[in-house]
Amino acid sequence: MRELIVIGLLVLGTIFIFLAAVGLLKMPDVYLRMSASTIAATLGVSSILTALAVHFFDLGIAALAFGTNVFLFLTVPVGAHLMGRAAHKANYEQWGKTLFDRLKGKYSLDNHTLHSGLEPDPDKSGKNDQTNKVV
């Protein structure tokens, strides 16, 4: 039974990694490529690491696989966010069928702040100056 679980996880992980590679080749702009590759590759690698832990059925290997999975799920989204922010800052064009750009005109290159577009509440009389800025 354990072999079937391992085979299923390996096949699932391989499919996700293959889809990440196809996404890198087929997506029309850097933002969609980044999204496809980070999501699918993270799921693929975590599935393969889980198959490794199930196959060896050892607490040390399972702890390493779990730690690596946690590390991946914490760092890959941050890296993808930073790559997307750098691409936007470098003015990479979006795909022509993209409907809107939520960051257009809201990111200040002078002091690297992102303005949310929310107006400050006049009832607070300026007590919280950070109501319209998100860093």
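All figures in this text were calculated on a predicted structure; none of them were measured in a lab. In every chain, residue numbers begin from 1 and rise along the written sequence. For a predicted model such as this one, the threshold for reporting local features is a pLDDT of at least 70, and the threshold for listing and counting side-chain atom pairs is 80 or more; totals across whole chains, interfaces and linings nevertheless cover every residue. Heavy atoms from the whole structure form the basis of all side-chain values; hydrogens and water molecules are not counted.

### Considerations on the side chain of Ser-46
Here comes step 1: Secondary structure elements are defined from DSSP: runs of H or I of at least 4 residues count as helices, runs of E of at least 2 residues count as strands, and each element is numbered from the N terminus. Structurally, Ser-46 is set in helix α2 (residues 30-56).
Here comes step 2: Here Leu-43 takes part through its backbone oxygen, which lies 3.0 Å from a polar atom of the side chain of Ser-46. Whenever a nitrogen or oxygen atom comes within 3.5 Å of another N or O atom, the pair is scored as a polar contact, on the condition that within protein one atom can donate a hydrogen and the other can accept it, and that pairs from neighbouring residues in sequence are kept only if both atoms are in side chains.

### Quick notes on the confidence of the model for the protein chain
Close inspection of predicted coordinates is inappropriate in any region flagged by low pLDDT.
Here comes step 1: Per-residue confidence from the prediction method is given by pLDDT, with values spanning 0 to 100. Confidence in the prediction for the protein chain averages 81 pLDDT; 77% of positions are at 70 or higher.
Here comes step 2: No element of the protein chain has a lower mean pLDDT than strand β3 (residues 133-134), which averages 51, and none a higher one than helix α1 (residues 2-26), which averages 94.

### A few points about a nonpolar patch on the surface
Here comes step 1: Residues enter a patch when their relative accessible area is above 30% and they make no salt bridge; the linking distance is 9 Å between like charges and 5 Å between nonpolar side chains (Val, Leu, Ile, Met, Phe, Trp, Tyr). Using a 1.4 Å probe, accessible areas were evaluated by the Shrake-Rupley method; residue-level cover was limited to the displayed protein chains. Criterion for a salt bridge: a side-chain nitrogen of Lys or Arg within 4 Å of a carboxyl oxygen of Asp or Glu. Taken together, the side chains of Met-1, Leu-4, Ile-5, Ile-7, Val-11, Ile-15, Phe-18 and Leu-19 define a hydrophobic patch exposed on the protein surface, amounting to about 850 Å² of accessible area.
Here comes step 2: Met-1 gets classed as exposed once you look at its relative accessible area, which sits at 71%. Using a 1.4 Å probe on the protein chains alone, a residue whose accessible area is under 20% of its type maximum counts as buried, one over 50% counts as exposed, and one in between counts as partly exposed.

### Points about helix α3 (residues 59-89)
Here comes step 1: A helix's residues, less one, multiplied by 1.5 Å, set its expected span. Between its first and last C-alpha atoms α3 spans 45 Å; for 31 residues at 1.5 Å apiece the expected length is 45 Å, and the two agree.
Here comes step 2: Here α3 has its buried residues at Ala-65, Asn-69, Leu-72, Ala-80, Gly-84, Ala-87 and His-88.
Here comes step 3: Considering only its buried residues, α3 is in contact with α2.
Here comes step 4: Once α3 finishes, Asn-91 follows within two positions and takes phi at roughly 60 degrees, a positive value. Note on contacts: a residue pair qualifies if any of its non-hydrogen atoms lie within 4.5 Å across the two residues.

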